[in-house]
Amino acid sequence: MNAAWLPLSTLATSLFVTVVILALPEEARKLRTYINLLAAVIKLVLVILMIRRVAAGHEDVFSFQVVGGVDFVLRADALGVMFAGLSSLLWLCTTIYAIGYLEDSVNRKRFFGFFSLCVASTLGIALADNLFTFLIFYEMLTLSTYPLVVHSGTAKALNAGKIYLRYTLTGGVVLLLGTVLLYSLTGEHSFSSEEGLGNYLNDHRGLLILIFALLVGGLAVKAAMVPLHGWLPRAMVAPAPVSALLHAVAVVKAGAFGILRVIYDLYGIELSVELGVTTVLAVAASITIIYGSLRALAQVELKPRLAFSTVSQVSYVILGVCLFGPFGTIGALAHLLHQGLMKVTLFFCAGNYAEELGIHRIDEMDGAGQRMPLTSLAFTIGAMGMIGLPPVAGFITKWYLGIGAIQADMYWVVAVLVASSTLNAMYFLPIVHRLWFRPGPSHGKGSWPSEQHLGRLETHGWLLWPMVFTAMASLGAGLLAGLPFSPLDWATRVAIGEYLP
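Residues numbered from 1 in each chain as written. Predicted model: local features only at pLDDT ≥ 70, side-chain atom pairs only at ≥ 80, totals over all residues. Heavy atoms only, no water.

## A word on helix α4 (residues 108-127)
- For α4, which comprises 20 residues, the first-to-last C-alpha distance of 29 Å matches the rise-based estimate of 28 Å (1.5 Å per residue) to within 8%.
- A large share of α4 lies buried, amounting to 17 of its 20 residues. (Helix = DSSP H or I, 4+ residues; strand = E, 2+ residues; numbered from the N terminus. Expected span 1.5 Å × (residues − 1). Buried < 20%, exposed > 50% of the residue type's maximum accessible area, 1.4 Å probe, protein only.)

## Here's the deal with a nonpolar patch on the surface
- A surface patch of nonpolar side chains, amounting to about 360 Å² of accessible area, comprises W5, V41, V45 and L49.
- Tallying contributions element by element places helix α2 (residues 29-55) first for the nonpolar patch, with three residues.
- Overall, the relative accessible area of 44% leaves V45 in the partly exposed class. (Patch = residues over 30% accessible without salt bridge, like charges linked within 9 Å, V, L, I, M, F, W, Y side chains within 5 Å. Areas by Shrake-Rupley, 256 points an atom, 1.4 Å probe, with all protein chains shown as cover. Salt bridge = Lys/Arg side-chain N within 4 Å of Asp/Glu carboxyl O.)

## A closer look at the pairing of strand β2 (residues 70-75)
- Counting buried residues along β2, five of its six residues qualify, which places the element largely inside the surrounding structure.
- Of the pairings in the sheet, the one linking strand β1 (residues 61-67) to β2 comprises six bridges and is antiparallel in character. Bridge pairing in β2 links Q65 to D71.
- Count of turn residues in the β1/β2 antiparallel hairpin: two residues, of which G69 carries a positive phi of about 85°. (Pairing = 2+ DSSP bridges.)

## Some words on the packing of α4 against helix α5 (residues 131-149)
- One can describe the packing of α4 onto α5 by two numbers: an axis separation of 8 Å at closest approach and a directional angle of 155°. Here α5 runs roughly antiparallel to α4, going by the angle between their axes. Here the hand of the crossing between α4 and α5 comes out left-handed. Residue-level contacts link F111, F114, F115, L117, C118, A120, S121, T122, G124 and I125 of α4 to F134, F137, Y138, M140, L141, S144, T145, P147 and L148 of α5.
- Across the contact of α4 with α5, the residue classes tally to 14 nonpolar, five polar and no charged. (Axes fitted to C-alpha atoms, helices over the stretch in contact; angles between N-to-C directions. Parallel < 35°, antiparallel > 145°, perpendicular 65-115°, else oblique. Left-handed = near helix turned anticlockwise from the far one by under 90°. Contact = heavy atoms within 4.5 Å. Nonpolar A, V, L, I, M, F, W, Y, C, P; charged D, E, K, R; others polar.)

## Section: the pattern of salt bridges
- Evaluated as defined, the whole model comprises 11 salt bridges.
- One salt bridge connects R75 with D129, and the closest N-O pair in it is separated by 3.0 Å. With R75 in strand β2 and D129 in the loop between α4 and α5, this residue pair connects regions lying 54 residues apart in the sequence.
- R75 sits in the buried class, given a relative accessible area of 16%.
- For D366, the salt bridge identified is with R434, shortest N-O distance 2.6 Å. Of this pair, D366 sits in the loop between α14 (326-357) and α15 (368-371) while R434 sits in helix α18 (residues 411-437), and the two are 68 residues apart along the sequence.
- Judged by its relative accessible area of 13%, D366 falls in the buried class.

## Concerning the packing of aromatic side chains
- Per the counting criterion, the structure on display carries 19 aromatic pairs.
- Ring centres of Y427 and F428 lie 4.8 Å apart, and the angle between their planes is 50°; this geometry places the pair in the tilted category.
- By relative accessible area, F428 is classed as buried at 0%.
- Each member of the aromatic cluster is reached from another via a ring pair, and the members are F62, F64, F72 and F137.
- Its end group placed over the ring of Y138, K222 keeps NZ or CZ at 3.8 Å from the ring centre.
- The aromatic ring of F485 is capped on one face by R493, whose charged end is 4.9 Å from the ring centroid. (Phe/Tyr/Trp six-rings, centres within 6.5 Å; stacked < 30°, edge-to-face > 60°. Lys NZ or Arg CZ within 6 Å of the ring centre and 35° of its normal.)

## Points about the side chain of S312
- Along the polypeptide, S312 turns up in helix α13 (residues 302-321).
- Apart from the residues within four sequence positions on either side, S312 is in contact with T288, I289, G292 and S293.

## A short note on the side chain of R305
- With respect to the helices and strands, the residue R305 is situated in helix α13.
- No salt bridge forms around the buried R305; measuring N to O, its nearest opposite-charge neighbour D363 is 9.8 Å away.
- Of the polar contacts made by the side chain of R305, one reaches the backbone oxygen of Q299; its length is 2.7 Å.
- Beyond its immediate stretch of four places on either side in the chain, R305 contacts A296, L297, Q299, I362, Y427 and I431. (Lys, Arg positive; Asp, Glu negative; His and termini not counted. Polar contact = N/O pair within 3.5 Å; in protein donor to acceptor, adjacent residues only side chain to side chain.)

## Remarks on the packing of helix α17 (residues 393-407) against α18
- Two elements in contact, α17 and α18, have axes separated by 7 Å at closest approach and are oriented at 155°. Between α17 and α18, the crossing angle belongs to the class labelled roughly antiparallel. The element α17 and its partner α18 pack so that their crossing is left-handed. Listed contacts from α18 to K398, L401, G402, A405 and I406 of α17 are Y411, V413, V414, L417, S421 and N424.
- Split into classes, the residues belonging to the contact of α17 with α18 amount to seven nonpolar, three polar and one charged.

## A look at the state of the cysteines
- Summed over the entire model, instances satisfying the criterion amount to zero disulfides.
- No disulfide involves C118; its nearest neighbouring cysteine sulfur is the one of C93, lying 15 Å away. (Disulfide = S-S within 2.5 Å.)

Shape is all these values report; function is a separate question.
Here's what the structure looks like:
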């Protein structure tokens, strides 16, 4: 039975909240807070319902014809609800965090209005069933995140916003060109189509390669692949909740998710390998992984180091897709979820250090573990996961990617994984050492604990508990990876569907 209302209602929740929030007066802070939290909870419940229905074998579809041959289609399939689940869960966490982080900020109405629109765009991307629908929400995501990047209104923020638009709008134009060429070749082509593009191989091989290059090239901008990554480190001028949103929930994940759709659902993995495009993409992803790690190692400020870490880490998803095998696919899909949990934790921690202690540079972090033990423990868990150390979720990713590389006889990928993990350790472990093992100044409001801190948390609860939750989720995703509906379990379901349809 088709429950078409379910994907539509999930999307409409954020769109409706966007309108309500922007209509409320700036002074209605408490009401806006309640509406934000209520909408986030409702959306999470709706996504859980979709996940349960997909697990039971149902795919709910909402569609209508825009013009002849072009349809707007939302479909809840296994890959889409996986991304929607990540987005809705981390949106709730980031909403709670943002409420506390921006308590005394100006333009809160504008921030939360576009924040909701950003999440609506991400969910539209997750549930889109064809390139036309995907492209609508992909460009909505660009426009809705721009006001968040420039939220502070400083000259540096406005310049970062210009660079962000320059990159992402150009990528959108390239993606549009690839979409137009594909539609001119095939007409309407759904992500859920069972035919694929194999029928066009003999007569249009060159055109298929060109279309693939345009589609993936346009998506690679938001996925921050080298050399199209320049916007991401500059966007770190945005507030910490925006950084978390860009890196863990929305923009870079939308690019990586789009590449998954192109390879698995438009071209099909067999045709992609036949065309030789996956090898080129694997090399590009490997270059990005190593380059991002090297640049992260050179950063002296915390948020730019985390930004270049994202440049590196997101390309694990793309590399896993190109390994042509179920284990590589499982590693790629699991990392889409694992990286989101770990990276949002790290950015929450960075925001807490900045808010409570005024820390922005890595050399200012000496002894901060004594003053903010929970924040520093959460940062340590996130860092261990990024390195790939058990039992945090990142270990699961790298284990499956390594097995997938060996099964595909791509042993050079194992060398890339070892090199990147070594570099990850080189730029994360010194921070962990500074937090716990180096004496530091009397940070912020004094050393911890002291009489003046008795009865209070190390920072505001709105900032503390989302970070604690995502850190524990990062740990739990590794320790409990074998349980039903874990990120690994769901990634395995999708991989089985791709290789054993």
